[in-house]
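# Understanding the architecture of this molecule
Here is how the chains run, residue by residue.
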Amino acid sequence: TTGKERKMVHKIKYVILSLLFSTSLFSCTKVYFGSNEVKTNLAKPPESKRIYAPELTKAKEKTGIVVVKLDKGTILAPLICPQEILVDLKPVAKLYSGEKIILYLPPGTHNLQTIPQSVCKALPSAGLLTTTFNLKENEKYIFRIKRGYEGAFYITLESKEKLNNN
């Protein structure tokens, strides 16, 4: 190859790397400016290989339902900030942006935990988040994992309802 061709290849590589850096920078700044809520009915389930307690995803009698969903991010955020979901310190699933897991749990007091994965582990606000709830038979809780404007992660109770016994 000629020197002119090498310079052209070098310029193309520079442009591509600049675009990738800008895109990843924009995606990371989105982490610090909050996240976008995903509607529960539009959230998708995780791939089966990321469900660590499949027995909790099967409907059973004398249980309550707990839905945990992870907000949508932007561009690279689905790859950057997955969350490991735990119930009573037992890993149940790894969620990526815009996903949900539906769990059937026995009545009683439970702890829902989440741990940021991947590069989000390095954020100053990363760490184990916990919320405690008292689930009753035929009751449904929907929890949302979101990022606040300052970059911290939160577990919020989106809704709680009594289900029809029929």
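Before reading further, recall that the structure is shown in the block above.
Described below are features of the structure shown in this document.

Rules of the game
- Per chain, residue numbering runs from 1 following the sequence as it is written.
- Only residues with pLDDT of at least 70 get local features here, since the model is predicted, and only at 80 or more are side-chain atom pairs given and counted; chain-wide, interface and lining totals rely on the full set of residues.
- Excluding hydrogens and water, the side-chain values take into account all heavy atoms of the structure.
- Burial classes follow relative accessibility: with a 1.4 Å probe on protein chains only, a residue under 20% of its type's maximum area counts as buried, one over 50% as exposed, and anything between as partly exposed.
- Numbered from the N terminus, helices here are DSSP runs of H or I no shorter than four residues, and strands are runs of E no shorter than two.
- Any two strands between which DSSP finds at least two bridges are classified as paired.
- A pairing counts as a salt bridge when a side-chain nitrogen of Lys or Arg comes within 4 Å of a carboxyl oxygen of Asp or Glu.

On to the pairing of strand E4 (residues 100-105), then. With 5 of 6 residues buried, E4 lies mostly within the body of the structure. Where strand E1 (residues 64-70) lies against E4, 6 bridges are found, and the strand directions are antiparallel. Residue isoleucine 65 lies in a different strand from E4, and its bridge partner there is tyrosine 104.

By the secondary structure assignment, arginine 144 is in strand E7 (residues 139-147). Take arginine 144: its relative accessible area is 14%, and that puts it in the buried class.

Moving on to the pattern of salt bridges. Counted by the stated rule, this structure contains 8 salt bridges. The salt bridge involving glutamate 55 is made with lysine 90; its shortest N-O contact spans 2.6 Å. Residue glutamate 55 is located in the loop between helix H1 (3-32) and E1, and its partner lysine 90 is located in strand E3 (residues 90-95); the two are separated by 35 residues in the primary sequence. What makes lysine 90 partly exposed here is its relative accessible area of 37%. The shortest N-O distance in the salt bridge between glutamate 158 and lysine 69 comes to 3.0 Å. Taken together, the positions of glutamate 158 in strand E8 (residues 153-162) and lysine 69 in strand E1 put the pair 89 residues apart, joining distant regions of the chain. Overall, glutamate 158 belongs to the partly exposed group, its relative accessible area being 33%.

The quantities given are spatial measurements derived from coordinates; they are silent on function.
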